[in-house]
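# Structural characterization, general
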Amino acid sequence: LKQSIALCLTDLAQGYMNKYGVGDGRFILDCCGKALEYFPNYLNAMHIKAEVLTQTYLKEEDKSSEVAKNLKSDMDKIYSRIHKLGYRKMPRDMYLNWLYSLNEHSSEYRTKKITIYKRENY
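Since the structure is predicted, the reported quantities are computational estimates derived from the model, not experimental observations.

Packing of helix H2 (residues 26-38) against helix H3 (residues 43-59) leaves a shortest axis separation of 9 Å and a crossing angle of 150°. In terms of orientation, H2 lies roughly antiparallel with respect to H3. By crossing handedness, the relation of H2 to H3 is classed as left-handed. Contacts between H2 and H3 involve Ile28, Leu29, Cys32, Ala35 and Leu36 on the former and, on the latter, Ala45, Met46, Ile48, Lys49, Val52 and Leu53. Across the contact of H2 with H3, the residue classes break down as ten nonpolar, no polar and one charged.

So this is what it looks like as structure tokens:
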């Protein structure tokens, strides 16, 4: 249940980011932080958090400031953790080939038969 709520928080953060942009990032970081509190290895929350930190870092004019250094450090820690969990970005060509294969072989991925269960089967 807690992980399901973490997914909802991450969806909320991503929806907010898509609609309003990153802004100061506080709301998005709060959502992702709370999601990661209950679902520590949730890659999507980590990616969103790292992206917000990256964009905030890039907006900093003085990269040698303490704020910029902390942002960079936090960002690097998250990307390192994502990598240690085994995530690897799929190369663009591989991704496009995968999408094409889904389209070409879509009948293999569709449910052939939907079985209707009577109430007593539950």
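Past the structure itself, the notes keep going.
Glancing now at the side chain of Thr10. On the secondary structure map, Thr10 appears in helix H1 (residues 2-20). A distance of 2.9 Å separates the side chain of Thr10 from the backbone oxygen of Ala6, its partner in a polar contact. Thr10 has contacts with Ala35, Tyr42, Asn44, Ala45 and Ile48, leaving out every residue within four places of it along the chain.

A few words now on helix H4 (residues 66-84). Given a rise of 1.5 Å per residue, 19 residues ought to cover 27 Å, and the 27 Å separating the end C-alpha atoms of H4 matches this to within 8%. Ala68, Leu71, Met75, Ile78 and Ile82 are the residues of H4 that are buried. The buried residues of H4 occupy an angular sector of 100° when projected down its axis, which confines them to one face. Facing away from the buried side of H4 by over 90 degrees, the exposed positions are Glu66, Lys77 and Lys84. Tucked inside the fold, the buried residues of H4 contact H3. Directly after H4, the chain includes Gly86, whose backbone phi takes a positive value near 105°.

Summing up the model confidence of the protein chain, the mean pLDDT is 88 and the portion of residues at 70 or higher is 88%. Averaged over each element, pLDDT in the protein chain is lowest for helix H6 (residues 106-109) (68) and highest for H2 (95).

Here is what the cut-offs are and how they apply
Residues numbered from 1 in each chain as written. Predicted model: local features only at pLDDT ≥ 70, side-chain atom pairs only at ≥ 80, totals over all residues. Heavy atoms only, no water. Axes fitted to C-alpha atoms, helices over the stretch in contact; angles between N-to-C directions. Helix = DSSP H or I, 4+ residues; strand = E, 2+ residues; numbered from the N terminus. Parallel < 35°, antiparallel > 145°, perpendicular 65-115°, else oblique. Left-handed = near helix turned anticlockwise from the far one by under 90°. Contact = heavy atoms within 4.5 Å. Nonpolar A, V, L, I, M, F, W, Y, C, P; charged D, E, K, R; others polar. Polar contact = N/O pair within 3.5 Å; in protein donor to acceptor, adjacent residues only side chain to side chain. Expected span 1.5 Å × (residues − 1). Buried < 20%, exposed > 50% of the residue type's maximum accessible area, 1.4 Å probe, protein only. Arc of directions from axis to C-beta. pLDDT = per-residue confidence, 0-100.

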